[in-house]
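Below are the chains, spelled out letter by letter.
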Amino acid sequence: MNPLRLRFLHYAYPLAMRVADARRRWRVREGVLCVVEDERGQRGYGEAAPLPGFGDDSFEASRAALDAVDVDALSRWSVYLQEQGFEMHDAAAIESSAAFSQAAFGNSSFSPSARFALEAALLDLHGVFRRCEEGASSRGETLPLAKLLGSGSIESASTQEAWNAGYRCFKLKIGSAGAFDHEVASAHALRNAFPGLALRLDANASLPPAQAAPQIEALNALGPEFVEEPWSYAHCEAHLPALSFPLALDESLASPDAMARIRRSAERAKDALVLVLKPGALGLLRSLALAAEGRRLGARVVLSHLFEGPIAWGHCASLAFALQKSGAAGLAPHADLETCAALVARCKAASLSPSSSWQPEALLDWYERKRATPDPKAKASAALARESR
């Protein structure tokens, strides 16, 4: 068995758009591209770009986990994939690969983004994503996309432009301190302005639970497509019977007891549960396992992202075709991705199209082009720092 060769390419760049939730704002995206190469010179690519403060992951933890990877264990997993293959819905293959992944990371610091990057790179090396895209293409599948509206843009020209471009699903961030009534009024205004709009709300567990009763009354009257974790998970679970809209689990899926949470929530939600999967916050194989459990219990699965670059986005797109059976995928290109022509070409008319010719290696130029701006707060350069192991 010839060991695989790993290369890590560090990048950082200032974000071109305002990225924030009720508690935090991010100005810079920093991450690591993972390149796995076999003895034939074939390569697979992955991307680790944790969003600071979203879960317990960090750039430092991601780098530490990648630096500690057991290359021999990773190589044994590669041999297994070569001999046995891998399918996104094969529970035995997911379980076996998860054991290989655990062996490769060993007792190193836990980092879902590092696992996502390396797991994706190895599956990419063995053509798993390409086969997924080819299957979706042969079936003529497309997925509608959901558009995240930035703060202050609800009544702006950009919202009208998104509607004119074909978006029929908008997502609003809510939960800013003292702003709930205004946020709900803005949501009603959107509904009135765009009849037939599917509206998603995301509070990032920031609503004050002491005011849950009037909040539930207002959200029930609004009737959103779903709401992502309005309160902490314990409060969400307690209030599930009172909700007339589907509850979406997001941040809480990173918990070690996420499987148990899905089972309890599915039982109480009466077939009105949604799982919003961000593989960069969960790990790729963990995302597949959570999706399988969700489907078994009748929950909807929606793929989303952590404002990563086009390589991670491409893997999430492939996963969307494999796992998401209805509704809009949360993968509309954010402002930085709109400069990636190959990606934009897949998102015409507000729909995601499969691409059997998607080549992660061809996307490296995008990272090279994301040079630092004069913004002194960013202190970021997209020049790829190449390291080998």
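See the structure shown above.
Since this is a predicted model, take the numbers as computed values, not measurements. (Residues numbered from 1 in each chain as written. Predicted model: local features only at pLDDT ≥ 70, side-chain atom pairs only at ≥ 80, totals over all residues. Heavy atoms only, no water.)

Draft legend 1. Broad picture of the sheet that holds strand β9 (residues 247-249). One open sheet holds the seven strands; their spatial order is β5-β6-β7-β8-β9-β10-β11, and the pairing between them is parallel. Unpaired on one side and paired on the other, β5 (147-148) and β11 (300-303) mark the two borders of the sheet. Across four bridges, the pairing between strand β10 (residues 273-277) and β11 is parallel. Within the sheet, the bridge partner assigned to L277 lies in β11 and is L303. In this fold helix α12 (residues 284-296) packs onto β10 and β11, with an angle of close to 170° to the strand it touches most, β10. (Pairing = 2+ DSSP bridges. Helix = DSSP H or I, 4+ residues; strand = E, 2+ residues; numbered from the N terminus. Contact = heavy atoms within 4.5 Å. Axes fitted to C-alpha atoms, helices over the stretch in contact; angles between N-to-C directions.)

Draft legend 2. Quick peek at α12. Here α12 contains 13 residues, and its C-alpha end-to-end distance of 19 Å stays within 8% of the 18 Å for a straight helix at 1.5 Å per residue. For α12, the full list of buried residues reads L284, L285, S287, L288, L290, A291, E293 and G294. Positioned one or two residues after α12, G298 has a phi angle of 85°, which is positive. (Expected span 1.5 Å × (residues − 1). Buried < 20%, exposed > 50% of the residue type's maximum accessible area, 1.4 Å probe, protein only.)

Draft legend 3. Representation of the packing of helix α10 (residues 258-269) against α12. At a minimum axis distance of 10 Å, the contact between α10 and α12 shows a crossing angle of 20°. Considering the angle they form, α10 stands roughly parallel to α12. When you trace α10 past α12, the crossing you get is right-handed. Seen from α10, the contacting residues are A258, M259, I262 and R263; seen from α12, they are R286, A289, L290, E293, G294 and R296. Tallied by class, the residues present in the contact of α10 with α12 amount to five nonpolar, one polar and four charged. (Parallel < 35°, antiparallel > 145°, perpendicular 65-115°, else oblique. Left-handed = near helix turned anticlockwise from the far one by under 90°. Nonpolar A, V, L, I, M, F, W, Y, C, P; charged D, E, K, R; others polar.)

Draft legend 4. A look at unusual backbone geometry. Here the phi dihedral of E229 falls at roughly 35°; this positive angle occurs in a residue that is not glycine. Tracing the sequence through the fold places E229 in the loop between β8 (226-228) and α9 (233-239). Since its relative accessible area comes to 3%, E229 is described here as buried. Not every positive phi belongs to a glycine, and A349 is a case in point at roughly 55°. By secondary structure assignment, the location of A349 is in the loop between α14 (341-344) and β12 (351-352). Relative accessible area serves as the criterion here: at 58%, A349 is assigned to the exposed category.

Draft legend 5. Highlighting the nonpolar core. Judged by nonpolar contacts, the single largest core of 125 residues is most densely connected at F86, F170, L277 and L331. Counting residues per element, this core draws most heavily on helix α13 (residues 310-323), at 10 residues. Those residues within four positions of L277 in sequence are excluded, and the remaining contacts are L253, L282, S287, L290, A291, V301, V302, L303, S304 and L323. (Core = buried A, V, L, I, M, F, W, Y, C linked by side-chain atoms within 4.5 Å.)

Draft legend 6. The arrangement of the layout of surface pockets in detail. The calculated volume of the second largest pocket comes to roughly 470 Å³. In this structure, the second largest pocket is lined by 27 residues; those nearest its centre are R43, D124, L125, G127 and R130. Elements represented by at least two residues in the lining of the second largest pocket include exactly β3 (43-48), α2 (71-84), α4 (112-125), α5 (128-138) and α13. In terms of residue count, the dominant contributor to the lining of the second largest pocket is α5 (five residues). In the lining of the second largest pocket, the residues fall into eight nonpolar, 12 polar and seven charged. (1 Å grid on protein atoms, 1.4 Å probe; cavity = no way out; pocket = protein on both sides within 12 Å on 5 of 7 lines; lining within 4 Å. Points joined across faces, edges and corners; volume = space filled by probe spheres on them.)

Draft legend 7. Region of the structure containing the environment of S62. Within the fold, S62 resides in helix α1 (residues 59-67). Spatially, the C-alpha atoms of S62 and P333 are 24 Å apart, while their sequence positions differ by 271 residues. In this structure, S62 is in contact with A48, P50, D57, S111, S113 and A114, ignoring residues within four places of it in sequence. Side chain to side chain, S62 and S113 meet in a polar contact 3.4 Å long. (Polar contact = N/O pair within 3.5 Å; in protein donor to acceptor, adjacent residues only side chain to side chain.)

Draft legend 8. Examining the pattern of salt bridges more closely. Scanning the model with the defined rule gives 19 salt bridges in all. The partner of R43 in a salt bridge is E361, with the nearest N and O atoms 2.9 Å apart. Of this pair, R43 sits in strand β3 while E361 sits in the loop between β12 and α15 (364-369), and the two are 318 residues apart along the sequence. Taking the shortest distance from any N to any O, the salt bridge between E141 and R139 comes out at 2.6 Å. Look at E141 and you get partly exposed, because its relative accessible area is 27%. In this structure R139 comes out as exposed when scored by relative accessible area, which is 52%. Bridged by salt links that share partners, the residues R5, E37, R43 and E361 form one connected network. (Salt bridge = Lys/Arg side-chain N within 4 Å of Asp/Glu carboxyl O.)

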